[in-house]
Amino acid sequence: EMCIRDRAYLMDEQVVEAIKCFITAGDPKSFMLVIGAAERHGKFDQLIDFLLMARQKLKDSQIDGALIYAYAKSQRLTELENFLNSTNSANIEQAGDRCYNEGLFEAARMLYSQIGKLGKLASCLVNLGQYQAAIDAAKKAESPKTWEEVNSACVKAKQFQLAAIAGLKIMVHPDRLEVLVNTYEKYGHWEELIKLLDSGLALEQAHNGIFTELGILLAKYVPVRLMDHLKTYFQRLHITKVLKACEDNQLWKEAVFLHSHYGQSDSAINIMIEHSPTAWEHDIFIQNVQKVASSDLYYKSIKFYLEEQPMLLNELLTSIATKLDLTKTVALLKQTGATPLAQPFLKSAQTYNVQAVNEELNELYLESDDYESLRVSVSEYDKFDHLALADKLNCLLYTSPSPRDLSTSRMPSSACKKKKKKK
């Protein structure tokens, strides 16, 4: 009758009265009902009394587990410690997980310490703000996941020296590096992250990902350091990733450097043309233009130099002379009125005895009255329109000033035109 009444109390939510009745009766058999009702209504002090009675009569891991939880919820941690140091049948790790999940970190710390669950212990310690102790536990656990949790907590708390200890343990794992970077960036501590990665370059286990991530961070936050980093560690970088960071942050000179060293001369040339104020350097341009795969870039480069670096045009033309279609090149120079400017190049290219080059040089010699150079040209390079040149010379003969009167001509200036019409 008492058992039925006590159960009725539990069902009617008269929990405290029910527990008292069970304790008075010394009846532990309904312990699951009692535990459930007491926990729902937060009656942990009364539950502890019941469980202490129950475990004298029954040996059950659920009773001991519930007792641990009740001690934790009621903050009776000294009694919890004594219980843990005595013989019991509780599933300590399960009880610790339950306490941890409910934010009872001090109790969870005691439980994990009891069974040597160092990774979980470290988690408790960071939640308790005991960062140095968390580092010590993580060293013993030696788990990347644990180091990540400790690092994140230390970064959040601005415990950067301790965070760096954890960070160095994380960064040697290539698949964990991105998580480390995201942790620091999430809290806005990129300066500390760069400092950490700088120190990681000297690690025996340093991998290409560390050099790459540092390059990306420098592109984003400290661009003045990037070029030195690229030149020093080019062989250790994932080029495509760093290139993207350079382009995203409009670091065109650095992008040209990477393209040049990655065998992408076409891209290097295009960037120097499109972003010339910051990206163009003559020596680097000349080195790359000789290696491009697209012949169209030769003529694009000529136009670029005509517009922006005309005084260096001949050096550009000479560097790619063997790759140019000289007839096409002369046409481009004539179209832009640049043949006088390019005369040094045309003279050097005349050795190929190309008609377009010969005729353009002959025209330049005529215009400048350089008849000696014209004589050498026509005698050594025979590919030109002989009749056309003869006509021009005849015109000059008839239109040249008289030695006795430089103000008059022997023939009206229209004479050459008339002769051409008769032909």
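Here the structure is a predicted model, which means the values were calculated and not measured. (Residues numbered from 1 in each chain as written. Predicted model: local features only at pLDDT ≥ 70, side-chain atom pairs only at ≥ 80, totals over all residues. Heavy atoms only, no water.)

Draft legend 1. Quick look at helix H8 (residues 105–115). All of the buried residues in H8 are Phe 105, Ala 107, Ala 108, Met 110, Leu 111 and Tyr 112. Those residues of H8 that are buried are in contact with helix H5 (61–73), helix H6 (77–84), helix H7 (92–101) and helix H9 (118–127). One or two positions beyond H8, positive phi appears at Gly 116, with a value near 70 degrees. (Buried < 20%, exposed > 50% of the residue type's maximum accessible area, 1.4 Å probe, protein only. Helix = DSSP H or I, 4+ residues; strand = E, 2+ residues; numbered from the N terminus. Contact = heavy atoms within 4.5 Å.)

Draft legend 2. Representation of the pattern of salt bridges. Taken as a whole, this structure holds 20 salt bridges when the rule is applied. The partner of Glu 102 in a salt bridge is Arg 98, with the nearest N and O atoms 4.0 Å apart. Classification of Glu 102 by relative accessible area gives partly exposed; the value is 39%. With a shortest N-O distance of 2.4 Å, Lys 392 and Glu 363 are connected by a salt bridge. Taken together, the residues span a long stretch of sequence, with Lys 392 in helix H28 (residues 386–399) and Glu 363 in helix H26 (residues 355–367) at a distance of 29 residues. Residues joined in a network through salt bridges with shared partners are Glu 39, Lys 73, Arg 98 and Glu 102. (Salt bridge = Lys/Arg side-chain N within 4 Å of Asp/Glu carboxyl O.)

Draft legend 3. Representation of the confidence of the model for the protein chain within the structure. For the protein chain, per-residue confidence averages 90 on the pLDDT scale, and 90% of positions sit at 70 or higher. Contacts from residues 402–415, a stretch scored under 50 in pLDDT, to residues over four places away or in other chains number 13 contacts. (pLDDT = per-residue confidence, 0-100.)

Draft legend 4. Representation of the packing of aromatic side chains within the structure. Evaluated as defined, the whole model comprises eleven aromatic pairs. Ring geometry for Tyr 100 against Phe 105: centres 5.3 Å apart, planes inclined by 70 degrees, an arrangement best described as edge-to-face. Assessed through its relative accessible area of 23%, Tyr 100 is described here as partly exposed. Taking 5.0 Å as the distance between ring centres and 50 degrees as the angle between the ring planes, the aromatic pair formed by Phe 211 and Tyr 233 counts as tilted. Separated by 22 residues along the polypeptide, Phe 211 in helix H15 (residues 208–221) and Tyr 233 in helix H16 (residues 226–233) bring together distant segments of the chain. On the basis of relative accessibility, which here comes to 27%, the residue Tyr 233 falls in the partly exposed class. Linked through ring pairs, Trp 280, Phe 285, Phe 304 and Tyr 305 together constitute an aromatic cluster. (Phe/Tyr/Trp six-rings, centres within 6.5 Å; stacked < 30°, edge-to-face > 60°.)

Draft legend 5. Structural context of the nonpolar core. In terms of nonpolar packing, the biggest core is built from 134 residues, with Leu 47, Phe 50, Ile 68, Leu 258, Phe 285, Ile 302 and Leu 324 touching the most fellow members. Of all the elements, H5 adds the most residues to this core, at eight residues. Not counting chain neighbours up to four residues away, the residues in contact with Leu 258 comprise Leu 230, Phe 234, Leu 237, Ile 239, Val 242, Leu 243 and Cys 246. (Core = buried A, V, L, I, M, F, W, Y, C linked by side-chain atoms within 4.5 Å.)

Draft legend 6. Seen up close, the packing of helix H2 (residues 15–25) against helix H3 (residues 31–41). Direction vectors running N to C along H2 and H3 enclose 145 degrees, while the axes themselves pass 10 Å from each other. Note that H2 runs across H3; the crossing there is left-handed. From H2, Val 15, Ile 19 and Phe 22 reach across to H3, where they touch Val 34, Ala 37, Ala 38 and His 41. Residues that form the contact of H2 with H3 fall into these classes: six nonpolar, one polar and no charged. (Axes fitted to C-alpha atoms, helices over the stretch in contact; angles between N-to-C directions. Left-handed = near helix turned anticlockwise from the far one by under 90°. Nonpolar A, V, L, I, M, F, W, Y, C, P; charged D, E, K, R; others polar.)

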